[in-house]
Each structure stands twice: as structure tokens, then as C-alpha cells.
Amino acid sequence: MANKKERTLVVLKPDAVQRNLIGEIIQRFERIGLKLVAMKMVVASENHIEKHYTLDPEWRRKVGEKTIKGYKEKGQSPPSEDPIKISKQVLEGLVKFMTSGPMIVMIWEGAHAVKIVRKLVGGTEPLSSDVGTIRGDYVLDSYEMSDTDGRAIRNLVHASGSAEEAEIEVNHWFSPDEIISYRLVQDEILYDVNLDGILE
Ligand code: GDP
Ligand code: MG
């Protein structure tokens, strides 16, 4: 059964804040019916960002392998064949990017929150993410451009990739007293089985 209180972590990266897209992006999560249960503006430390990405012990290998595959698909040779070495460069770029200015960190709650948010956010690379998604609609970066310039891809948003990832990330960014449990009027039309409280 779907967990109606599934939670996911969303970070509006420094480029989203600089481009005045905070409201525009938040609106997409609001209007689909998710509930905002925590939010803050932060300037993260390098250590906090490095931990954020390496909370998943497999992250270095996965991102390294993905990056090598990306180079090969373009007919280019990757800077290294070692996924861990490549991931070190990716991580360095991410740390620089994600500490460059303020970010908005949020927790969104609702049925299928993780998958719904990923769907709205779109694929990692803005150039190939679908039209209609946040990364597809509001930004034009590509791996070609970011790799050439030796920096992280500017894709506006981070969103947890799975419910397990979300739980770990929520704990990394928020203490329990920063997360608010409350009812929204719309919860009834989204989740109530009988809808017997509407007509008078
Ligand atoms: P996300 O969950 O869609 O943000 O993507 P990942 O968790 O796989 O990757 C996190 C970050 O690592 C991305 O936002 C990128 O900055 C970087 N990254 C991921 N995959 C690649 C890749 O194939 N090439 C490069 N250059 N960077 C990547
Ligand atoms: Mg991810």
C-alpha cells in the first residue's frame, strides 16, 4: 500500500536561487498536491555537501561509471577509466557549486513523493531532460559544456532518488524538531476514501 506520508528531500541549488526560480519551482510541487513539511535557506559547508553525496557508499562508483559511459557514448575518451577517480572530480565540482551561494532545502510529503518529485524534476542533464520538467523547462546546461569547463552541471534541483535515500538525506539536512506534521484541507480530496464531508 502506498505510504501517504512518504517524504523526499529537495534542494534548490544556488543556480535556482540566483535565477529567481524559487517560487516557480515550489509551485510545481505545491500544485501536484504534495505537502511542504520543512523548509530553510542555507549556505552549506564543503563537508556537508561532500557527506550529502557520499551518504550512499555506492554513489562514487555509480556516478563514475555513468560519467565514463557518457564520454564513450559521445565517442570521446574519459579522463580516466577508474570510476572512483572520475567521481572525485565530479564531487569536487559539486562541492564548489553547492557552496557558492544560498540554497533552499525542503522536505515534501505525500503518496509516492519520491517518484512524483523525480518526475517533475526530470533527468539529470538539462539538455536531454524532457520538456515540461523543471530541468527541461528552466535551464540549458549539458554534460558537454560542464565537462569542457570542468564544473558541475547546473541543473537547479537535487531530489532524493529513492525512499531509502530520502530518509538518510532528510536526517542529514534536518533535525526532527524542524519537521512539522500538520493537516492540509486538500488532504481530504486527495486521500479520503468516502468524501462524505463535502456536501452540506
Ligand atoms: P540526480 O539524482 O539526477 O541529481 O543525479 P545523480 O545523483 O546521479 O548525480 C548527482 C550529480 O552528479 C548531478 O547533479 C551531476 O552534477 C553529477 N553527475 C551525475 N552523473 C553525471 C555524469 O554522467 N557526468 C557528469 N559530468 N556529472 C554527473
Ligand atoms: Mg541523485
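Calculation notes
Residues numbered from 1 in each chain as written. Chains lettered and ligands numbered in written order. Predicted model: local features only at pLDDT ≥ 70, side-chain atom pairs only at ≥ 80, totals over all residues. Heavy atoms only, no water. Domains from an automatic or database assignment. Contact = heavy atoms within 4.5 Å. Buried area = accessible area lost by both parts, 1.4 Å probe. Salt bridge = Lys/Arg side-chain N within 4 Å of Asp/Glu carboxyl O. Polar contact = N/O pair within 3.5 Å; in protein donor to acceptor, adjacent residues only side chain to side chain. Helix = DSSP H or I, 4+ residues; strand = E, 2+ residues; numbered from the N terminus. Nonpolar A, V, L, I, M, F, W, Y, C, P; charged D, E, K, R; others polar. Phe/Tyr/Trp six-rings, centres within 6.5 Å; stacked < 30°, edge-to-face > 60°. Buried < 20%, exposed > 50% of the residue type's maximum accessible area, 1.4 Å probe, protein only. Lys NZ or Arg CZ within 6 Å of the ring centre and 35° of its normal.

**Focus on the domain arrangement of the chain**
Reasoning step 1: When cut into domains, the chain gives domain 1 (1-43 + 102-189) and domain 2 (48-100).
Reasoning step 2: Averaged C-alpha coordinates put domain 1 and domain 2 at centres separated by 20 Å.
Reasoning step 3: Taken together, the contact between domain 1 and domain 2 spans 18 residues of the former and 15 residues of the latter.
Reasoning step 4: Buried area between domain 1 and domain 2, both sides added, is near 1,500 Å², and the carbon and sulfur share of it is 67%.
Reasoning step 5: On inspection of domain 1 and its partner domain 2, the count reaches zero salt bridges.
Reasoning step 6: At the surface where domain 1 touches domain 2, the tally comes to four residue pairs in polar contact (both at pLDDT 80 or more).
Reasoning step 7: When residues of the side of domain 1 that touches domain 2 are traced back to their parent elements, those giving at least two are α1 (14-18), α8 (143-148) and α9 (163-173).
Reasoning step 8: Among the elements that make up the side of domain 1 that touches domain 2, the one with the highest residue count is α9 (four residues).
Reasoning step 9: Considered class by class, the residues forming the side of domain 1 that touches domain 2 number nine nonpolar, three polar and six charged.

**A word on the packing of aromatic side chains**
Reasoning step 1: In the structure shown here, the tally under the stated rule is two aromatic pairs.
Reasoning step 2: Here the aromatic rings of F29 and W108 are separated by 5.5 Å at their centres, their planes lie at 55°, and the arrangement is tilted. Here the residue F29 occupies a position in helix α2 (residues 22-32), and W108 occupies one in strand β3 (residues 103-109), the gap between them amounting to 79 residues.
Reasoning step 3: Taking relative accessible area as the criterion, F29 reaches 0% and is therefore assigned buried.
Reasoning step 4: Plain terms: the ring middles of Y53 and W59 are 5.2 Å apart, the flat faces sit at 45° to each other, and that makes the pair tilted.
Reasoning step 5: For Y53, a relative accessible area of 8% puts it in the buried group.
Reasoning step 6: Look at W59 and you get buried, because its relative accessible area is 13%.
Reasoning step 7: Just above the ring of F174 sits the side chain of K40; from NZ or CZ to the centre is 4.5 Å.

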